[in-house]
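Commentary on secondary and tertiary structure
Spelled out, the chains give:
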Amino acid sequence: MNLADLPKDCIATIISHTTPIDAARLTRVCSAFKRATESDAVWENFLPCDYKTTLKTWPTSGSKKDIVMTMANGVFLDQGLQKYVLLRRTRGVCRVLSVEAMNVAGGQDTRFWRWEQSRSSCFGKIAHLLAVCCLEINGTWSCSLPPSSYTAVWRLRIANPQGGRFYFLTWKMPLTFCISIGDGEAVERQLSLSQVPSGGFQEWFEFEVGEITIKGSTSTVKQVDVMYAIRETDCTYWKGGLFVDCLTLRPSDCKENIQPSLCDLDLSKIRGHPGVF
């Protein structure tokens, strides 16, 4: 007996225990698999249990496959300040928070910060630090996540401190990154901007702060408050040339690239003077 000879509902149940990308591939195996993957029962099993409340501003009356594909492409929430992504390869959930939703000290003062459009940003806008003597970005992020282990990742970019008119702006002290949840321990890690990753100057790179663990049943989704911060409060010198895009919480075993791949032409060159000089 071939696997394709099983009843349609049996095949659908088997496929529902795979992943969205596996289900899409199985449609090309044979006609029996293709018919089974047309069942809503297959695709509904890929959806997190809170998808209806998460997508309350999106229509959820279509086929479950359409909803899965919509979430896999990423859904913008909170007036475009958050992004919710269903991972195709693992069925995990990834959350992304724009820098626009964060508390940026002095962020509205154009002498110190500039908010710029960027085609390589996850949200289309980034924060560009011109020059400050005390840097602090923080906030509390309320979001829903299935219980699992998540890695907190910042997406950053640094202007070359040895080039252009920004040569006098340096980073003598490392940045301190903190991440924690209400019922868990805080994770802290430092990054020395004088030793950025290869290609870090003028290119976006990801900095992993550490892992947070959300406990609970795997069949549920928990509402959590994530506290985050970036600090460098040594006021004895000026620093600048830092670009901040977003903070991402992704499953620790995630291998998928959810960041934009378009080249950022708008920020390819640094121009002008810092606002305070």
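Residues numbered from 1 in each chain as written. Predicted model: local features only at pLDDT ≥ 70, side-chain atom pairs only at ≥ 80, totals over all residues. Heavy atoms only, no water.

The name an unreviewed UniProt entry gives the protein is F-box domain-containing protein, with Sphagnum troendelagicum as the organism.

Considering all chains together, one arrives at zero disulfides under this definition. No disulfide involves Cys 133; its sulfur sits 4.6 Å from that of Cys 235, the nearest cysteine. When its relative accessible area of 26% is taken as the criterion, Cys 133 is described as partly exposed. The closest cysteine sulfur to the non-disulfide-bonded Cys 246 is located on Cys 122, 3.8 Å from its own sulfur. Judged by its relative accessible area of 1%, Cys 246 falls in the buried class. (Disulfide = S-S within 2.5 Å. Buried < 20%, exposed > 50% of the residue type's maximum accessible area, 1.4 Å probe, protein only.)

Attention now goes to the confidence of the model for the protein. In the predicted model, the protein carries a mean pLDDT of 81, and the fraction of residues at 70 or more is 82%. Averaged pLDDT values for the elements of the protein fall to 74 in helix H5 (residues 51-54) and rise to 96 in strand E4 (residues 103-104). Counted against residues more than four places away or in other chains, residues 261-277, with its pLDDT under 50, gives 43 contacts. (pLDDT = per-residue confidence, 0-100. Helix = DSSP H or I, 4+ residues; strand = E, 2+ residues; numbered from the N terminus. Contact = heavy atoms within 4.5 Å.)

Turning our eyes to something else, we now look at the environment of Leu 145. In this fold, Leu 145 is placed in strand E7 (residues 135-145). In sequence terms Leu 145 and Thr 220 are 75 residues apart; their C-alpha atoms lie 8.7 Å from each other.

Once that is clear, we can look at helix H1 (residues 8-15). Every buried residue of H1 is accounted for by Ile 11, Ala 12 and Ile 15. On an axial view of H1, the arc spanned by its buried residues comes to 100°, and they lie on one face. (Arc of directions from axis to C-beta.)

So, about the packing of aromatic side chains. Here the structure, examined in full by the defined rule, presents five aromatic pairs. Centre to centre, the rings of Trp 43 and Phe 46 are 5.4 Å apart; their planes meet at 85°, and the pair counts as edge-to-face. Given the relative accessible area of 1%, Trp 43 is considered buried. On the accessibility criterion, Phe 46 (2% relative accessible area) is buried. A centroid spacing of 6.1 Å and a plane angle of 65° characterise the contact between Trp 154 and Tyr 228, whose relative ring orientation is edge-to-face. (Phe/Tyr/Trp six-rings, centres within 6.5 Å; stacked < 30°, edge-to-face > 60°.)

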